[in-house]
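# Report on the structure
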Amino acid sequence: MHNILLTGAAGYIGSHTWLALLAAGYRVVGVDNFSNSSPEVLRRLQALSGQAPVFERADVCDEAAMQGVFERHRIAATVHFAAFKAVGESTTKPLDYYRNNLGGLLTVCRVMQRHGVGRFVFSSSATVYGQAERLPLTEAAPLSATNPYGQTKLMGEQILHDLGAAVPGWQTAILRYFNP
């Protein structure tokens, strides 16, 4: 059974993904700092899955904490949902968004590389399409961002593209959803 690191695990998308990964036969190691979620989610996950969640309270920007998670669990892949997510708030707190969203991504990727883990699912956003010129959108649509939140997602995608080009065996899947 493979261990999947799930960051932002107690959030809305993270908790639903947790249950789907368990149903698919994976062991989930959840990480969250509860800045956008509640510990109550862990009790609900246990009630729904019938098993105690493997969980570590940590901030993905804290490299020592993430190093510890990788040392305690044999992680095979990461699903990265940990990020600040409010477009409006990002326009009033841009530095917080850049520090958290990009800092967390860089920290997780560095620790993954150190442990020889190269499979990564990134929670991006449809905001990377900016003001769409044509609908419906396709993945081939031009990319741009109109706010700091969208910029962090667009920059995150570029970082992962560059990492994939530089590191043999690095594999990234990018999710660009609208409003979940």
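Values in this document were obtained by computation on a predicted structure and should not be read as measured data.

Quick notes on the rules
Residues numbered from 1 in each chain as written. Predicted model: local features only at pLDDT ≥ 70, side-chain atom pairs only at ≥ 80, totals over all residues. Heavy atoms only, no water. Helix = DSSP H or I, 4+ residues; strand = E, 2+ residues; numbered from the N terminus. Buried < 20%, exposed > 50% of the residue type's maximum accessible area, 1.4 Å probe, protein only. Pairing = 2+ DSSP bridges. Axes fitted to C-alpha atoms, helices over the stretch in contact; angles between N-to-C directions. Salt bridge = Lys/Arg side-chain N within 4 Å of Asp/Glu carboxyl O. Expected span 1.5 Å × (residues − 1). Contact = heavy atoms within 4.5 Å. Polar contact = N/O pair within 3.5 Å; in protein donor to acceptor, adjacent residues only side chain to side chain. Right-handed = clockwise from strand over helix to strand, strands pointing away. Core = buried A, V, L, I, M, F, W, Y, C linked by side-chain atoms within 4.5 Å.

Looking now at the environment of Asn 179. Residue position: Asn 179 is located in the segment after β6 (171–175). According to the relative accessible area criterion, Asn 179 is exposed, its value standing at 75%.

Looking now at the sheet that holds β6. Read across the sheet, 6 strands follow the order β3-β2-β1-β4-β5-β6 without closing on themselves; strand pairing throughout is parallel. Looking at strand neighbours, the two that pair on one side only are β3 (54–57) and β6, the edges of this open sheet. Neighbour to neighbour, the strand axes of the sheet diverge by 20° on average, direction disregarded. Taken together, the 5 bridges between strand β1 (residues 3–7) and strand β4 (residues 75–80) define a ladder with parallel strand orientation. What sits directly across from Ile 4, in β4, is Ala 77.

Considering all chains together, one arrives at 7 salt bridges under this definition. Of the charged contacts in the structure, one is a salt bridge between Glu 40 and Arg 44, with a shortest N-O distance of 3.8 Å. One end of the pair, Glu 40, and the other, Arg 44, are both in helix α2 (residues 40–49), 4 residues apart, so they sit about a helical turn from each other. For Arg 72, the salt bridge identified is with Glu 56, shortest N-O distance 2.6 Å. Residue Arg 72 is found in helix α3 (residues 63–72), and its partner Glu 56 is found in strand β3; the two are separated by 16 residues along the sequence. What makes Arg 72 exposed here is its relative accessible area of 52%.

A few words on helix α5 (residues 94–114). With 21 residues, α5 should cover 30 Å at 1.5 Å per step; its first-to-last C-alpha distance of 30 Å lies within 8% of that length. Taken together, the buried positions of α5 are Tyr 97, Asn 100, Asn 101, Leu 102, Gly 104, Leu 105, Thr 107, Val 108, Cys 109, Val 111 and Met 112. Contact partners of the buried residues in α5: α3, β4, α4 (87–92), β5 (119–123) and α6 (148–166). A positive backbone phi angle near 70° is found at Gly 116, which sits one or two residues after α5.

Note on placement: Asn 100 falls in helix α5. Under the relative-accessibility criterion, Asn 100 is labelled buried at 6%. At 3.0 Å, the side chain of Asn 100 and the side chain of Asn 101 are in polar contact. In contact with Asn 100, not counting residues within four places along its chain, are Cys 61, Ala 83 and Phe 84.

Glancing now at the pairing of β1. Most of β1 is tucked away, with 5 of its 5 residues classed as buried. Of the two faces of β1, both are covered, the one formed by Asn 3, Leu 5 and Thr 7 as well as the one formed by Ile 4 and Leu 6. In the sheet, β1 pairs with strand β2 (residues 27–32) via 5 bridges, with the strands oriented parallel. If you follow Ile 4 over to β2, its bridge partner there is Val 28. Taking the sense of rotation as the criterion, the β-α-β connection linking β1, helix α1 (residues 12–23) and β2 turns out right-handed.

Right, let's talk about the nonpolar core for a bit. A general trend in soluble globular proteins is that nonpolar side chains are found buried together. Among the nonpolar cores identified, the biggest contains 21 residues, and Leu 5 and Phe 120 are the most heavily contacted of them. Contributions of two or more residues to this core are made by β2, α3, α5, β5 and α6. Setting aside residues up to four positions removed in sequence, Phe 120 forms contacts with Thr 78, His 80, Leu 105, Val 108, Cys 109, Met 112, Leu 160, Trp 170, Gln 171, Thr 172 and Ala 173. Membership of the second largest hydrophobic core comes to 15 residues, among which are Val 28, Leu 42, Val 79 and Phe 81.

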